[in-house]
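Structural overview
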Amino acid sequence: MPRKLQAETQGKGTIIIDLDQCKNCPTKACAGSCPVNLIRIEGELPVFSKPAGQVKRLCMDCLACELECSLQGRGALRIFYRMPQLEEHLRKLEEKGVRAVWRRG
Ligand code: SF4
Ligand code: SF4
């Protein structure tokens, strides 16, 4: 069963990290990306450095962690927002082989 790490953000997003992809990530780039240090590496895997309630209060939805993971990591970290039209648009683009730059793993 895939292991996931999840937390809500201030902007009503949901950060989901697929930990199975993180094991072989050579950079662990997510950890150094967060301007408010919400992600750190423990053992070989990312963890939130604060309890879920504080992550929700402090995460400013800057998307730096998703971008760095996408560009330098394994693309295991995604932030989802309740924007069904955007998600549908991105899904259709991916069907055509076009992936938003911040989602390229
Ligand atoms: S950069 Fe991405 S793949 Fe690498 S450890 Fe962080 S979340 Fe996992
Ligand atoms: S979105 Fe920005 S503030 Fe929130 S966890 Fe990621 S890097 Fe940190």
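Nothing here was measured: the structure is a model prediction, and the numbers come from that model.

A look at the overall build of the chain
What the chain contains, in helices and strands, is five helices and five strands. Going residue by residue from the N terminus, the α and β elements of the chain occur as β-β-α-α-β-β-α-α-β-α. Here the C-alpha atoms of the chain give a radius of gyration of 13 Å, agreeing with the 13 Å that 2.2 N^0.38 yields for 105 residues. Here the contacts in the chain between residues at least 6 apart in sequence split such that 53% fall between residues at least 24 apart. When the 18 positive and 12 negative side-chain charges of the chain are each reduced to one mean point, those points stand 2 Å apart.

Things to note about the environment of Lys50
By secondary structure assignment, the location of Lys50 is in the loop between strand S4 (45-48) and helix H3 (52-58). C-alpha of Lys50 to C-alpha of Asn37: the two residues are 13 residues apart in sequence and 9.0 Å apart in space.

Here we look at the sheet that holds strand S5 (residues 77-80)
Taken together, three strands build an open sheet; the order of strands is S1-S2-S5 and the sheet is antiparallel. Each edge of the open sheet carries a strand with a single partner, namely strand S1 (4-8) and S5. Within the sheet, the average angular offset between the axes of one strand and its neighbour, ignoring direction, is 15 degrees.

With respect to the nonpolar core
Counting 19 residues, the largest nonpolar core has Ile15, Ile17, Phe48 and Leu77 as the members making the most contacts within it. Secondary structure elements with two or more residues in this core: S1, strand S2 (14-18), helix H1 (19-22), S4, helix H4 (64-72) and S5. Setting aside residues up to four positions removed in sequence, Leu77 forms contacts with Ile15, Ile16, Ile17, Cys30, Ile39, Cys65, Glu66 and Cys69.

Thoughts on the side chain of Thr9
Inspection of the secondary structure puts Thr9 in the loop between S1 and S2. The contact partners of Thr9, leaving out residues within four places of it in the chain, are Thr14, Ile15, Lys56, Cys59, Asp61, Ile79 and Tyr81.

What to know about empty space enclosed by the protein
For the structure shown, the criterion picks out two cavities of 30 Å³ or more. In this structure, the largest cavity encloses a volume near 120 Å³. As for the largest cavity, its lining consists of 16 residues, of which Ile15, Cys34, Leu38, Cys59 and Cys65 are closest to the centre. Considering only enclosed or pocket space, the second largest cavity measures out at about 90 Å³ in volume. Considering only residue class, the lining of the second largest cavity consists of 10 nonpolar, one polar and two charged.

Re the site of ligand 1
Taken together, Ile17, Cys22, Cys25, Lys28, Ala29, Cys30, Cys69, Gly73, Arg74, Ala76 and Leu77 make up the full set of residues near ligand 1. Of all the cavities here, the one that holds ligand 1 is the second largest cavity. In the shell around ligand 1, the residues fall into eight nonpolar, one polar and two charged.

Cut-off values and rules
Every chain begins its residue count from 1, and numbering advances along the sequence as written. Working convention: letters from A go to chains and numbers from 1 go to ligands, in the order in which they are written. A pLDDT threshold of at least 70 governs which residues receive local features in this predicted model, and a stricter bar of 80 or more applies before side-chain atom pairs are shown or counted, although totals over entire chains, interfaces and linings include all residues. Calculation of side-chain values draws on the structure's entire complement of heavy atoms; hydrogens and water are dropped beforehand. For helices the rule is a DSSP run of H or I covering at least 4 residues; for strands it is a run of E covering at least 2, with both sets numbered from the N terminus onward. Radius of gyration here uses only the C-alpha atoms, and the compact-globule reference equals 2.2 Å multiplied by the residue count raised to the power 0.38. A contact between two residues is defined here by any heavy atoms of the two lying within 4.5 Å. Positive charges are assigned to Lys and Arg, negative charges to Asp and Glu, while His and the chain termini are left out of the count. Where a charge lies is defined by one atom per residue type: Lys uses NZ, Arg uses CZ, Asp uses CG and Glu uses CD. The criterion for strand pairing is that DSSP finds at least two bridges linking the strands in question. Comment: axis = line fitted to C-alpha atoms, over the contacting stretch for helices; angle = value between 0 and 180 degrees taken between N-to-C directions. Take the buried residues of types Ala, Val, Leu, Ile, Met, Phe, Trp, Tyr and Cys, join any two whose side-chain atoms come within 4.5 Å, and each joined set is a nonpolar core. Relative accessibility thresholds used throughout: buried, under 20% of the residue-type maximum; exposed, over 50%; partly exposed, between the two (1.4 Å probe, protein chains only). Both cavities and pockets are sets of points on a 1 Å grid over the protein atoms alone; in a cavity a 1.4 Å probe fits but cannot get out, in a pocket the set is open with protein on both sides within 12 Å along at least five of seven lines, and lining residues sit with an atom within 4 Å of a point. Grid points are joined across faces, edges and corners, and a volume is the space filled by probe spheres set on the points. In the scheme used here, Gly and all other residues not listed as nonpolar or charged are polar, with Ala, Val, Leu, Ile, Met, Phe, Trp, Tyr, Cys and Pro taken as nonpolar and Asp, Glu, Lys and Arg as charged. A molecule or strand has a residue near it when one of that residue's heavy atoms lies within 4 Å. For this analysis, a molecule is said to be in a pocket or cavity if more than half of its atoms are within 2 Å of the grid points defining it.

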